[in-house]
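# Structural overview
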Amino acid sequence: DLQRPGENFQSDGEVLISEYLRSGRRFVRKLDGEFALAVFDFARGEALFATDPFGTKPLRWLHGSGGQLAVASYASALLRIGAAPGEIRALE
């Protein structure tokens, strides 16, 4: 359990961000179960992408020619925003 005594979060996302701020990238090692996530740390100019060890949950991403970054579970979501199939990458 990543949530510490006295912390009151409304979502799993809040718990994950809190742990990222405490532990940095190492927090992913503490995760158990099926997951796919992306954390954008604008202060550090970094992005972290991670999936569970078995790759159960998909994570697709696109870095567009205009500099935009889009992340989704399924390629179909990226295709709906105008991505070409060859632009979509999968986190393996």
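Residues numbered from 1 in each chain as written. Predicted model: local features only at pLDDT ≥ 70, side-chain atom pairs only at ≥ 80, totals over all residues. Heavy atoms only, no water.

### A short note on helix H1 (residues 12–23)
To keep things clear, this is the line we draw: Each helix is a run of DSSP H or I of at least 4 residues and each strand a run of E of at least 2, with the numbering of both proceeding from the N terminus. What a helix should span is 1.5 Å times the count of its residues minus one. With a 1.4 Å probe rolled over the protein chains alone, any residue whose accessible area is under 20% of its type maximum counts as buried; one over 50% counts as exposed, and the rest are partly exposed.
With twelve residues, H1 extends 16 Å from end C-alpha to end C-alpha; this agrees with the ideal 16 Å at 1.5 Å per step. Among all positions in H1, only Val 15, Ser 18, Glu 19, Tyr 20 and Ser 23 are buried. Of the residues flanking the end of H1, it is Gly 24, one or two places downstream, whose phi is positive at about 70°.

### Some thoughts on the packing of aromatic side chains
Inclusion rule: For Phe, Tyr and Trp, rings pair up if their centres lie within 6.5 Å, where Trp contributes its six-membered ring, and each pair is then called stacked (planes under 30 degrees apart), edge-to-face (over 60) or tilted (otherwise).
Tallying each qualifying case throughout the model produces three aromatic pairs. Ring centres 6.0 Å apart and planes at 80° place the aromatic pair Tyr 20 and Phe 27 in the edge-to-face group. Overall, Tyr 20 belongs to the buried group, its relative accessible area being 6%. Both rings, one in Phe 40 and one in Phe 49, keep their centres 6.1 Å apart while their planes meet at 90°; by these two values the pair is edge-to-face. Among the aromatic residues, those joined into a cluster by ring pairs are Phe 40, Phe 49 and Trp 61.

### Quick word on the pairing of strand S1 (residues 36–41)
Here is the rule we go by: At least two DSSP bridges between two strands are required for those strands to pair.
Alternating residues of S1 divide into Leu 37, Val 39 and Asp 41, all buried, and Ala 36, Ala 38 and Phe 40, none buried. Direction of pairing for S1 relative to strand S2 (residues 46–51): antiparallel, over a ladder of six bridges. Looking across to S2, one finds that Ala 38 is bridged to Phe 49. Between S1 and S2, which pair antiparallel and follow one another directly, the connecting turn spans four residues, one of which, Gly 45, has a positive phi of 70°.

### Quick word on the sheet that holds strand S5 (residues 89–90)
Strand order in the open sheet formed by three strands is S4-S3-S5, with antiparallel pairing between adjacent strands. Only two strands of the sheet have a single neighbouring strand rather than two, namely strand S4 (69–72) and S5. Relative to S4, strand S3 (residues 60–63) is paired through four bridges, and the arrangement is antiparallel. Its bridge partner being in S4, His 63 is matched across the sheet by Leu 69.

### Structural notes on the environment of Leu 31
Along the polypeptide, Leu 31 turns up in the loop between H1 and S1. Remark: the alpha-carbon pair of Leu 31 and Ala 50, spanning 19 residues in sequence, is separated by 10 Å.

### Quick look at the nonpolar core
The following threshold applies: Among buried residues, the Ala, Val, Leu, Ile, Met, Phe, Trp, Tyr and Cys ones that are joined through side-chain atoms within 4.5 Å form a nonpolar core. Contacts are assigned to residue pairs that have any heavy atoms within 4.5 Å of one another.
Tyr 20, Phe 27, Val 28, Leu 31, Phe 35, Leu 37, Val 39, Leu 48 and Ala 50 together form the largest nonpolar core, which totals nine residues. If you list the elements that add at least two residues to this core, you get S1 and S2. In this view, Val 28 contacts Phe 35, Leu 48 and Ala 50; residues no more than four positions away in its chain are not counted. Leu 62, Leu 78, Ala 83 and Ile 88 belong to the second-largest nonpolar core, a separate cluster that totals six residues.

Honestly, it's all geometry; don't read function into it.
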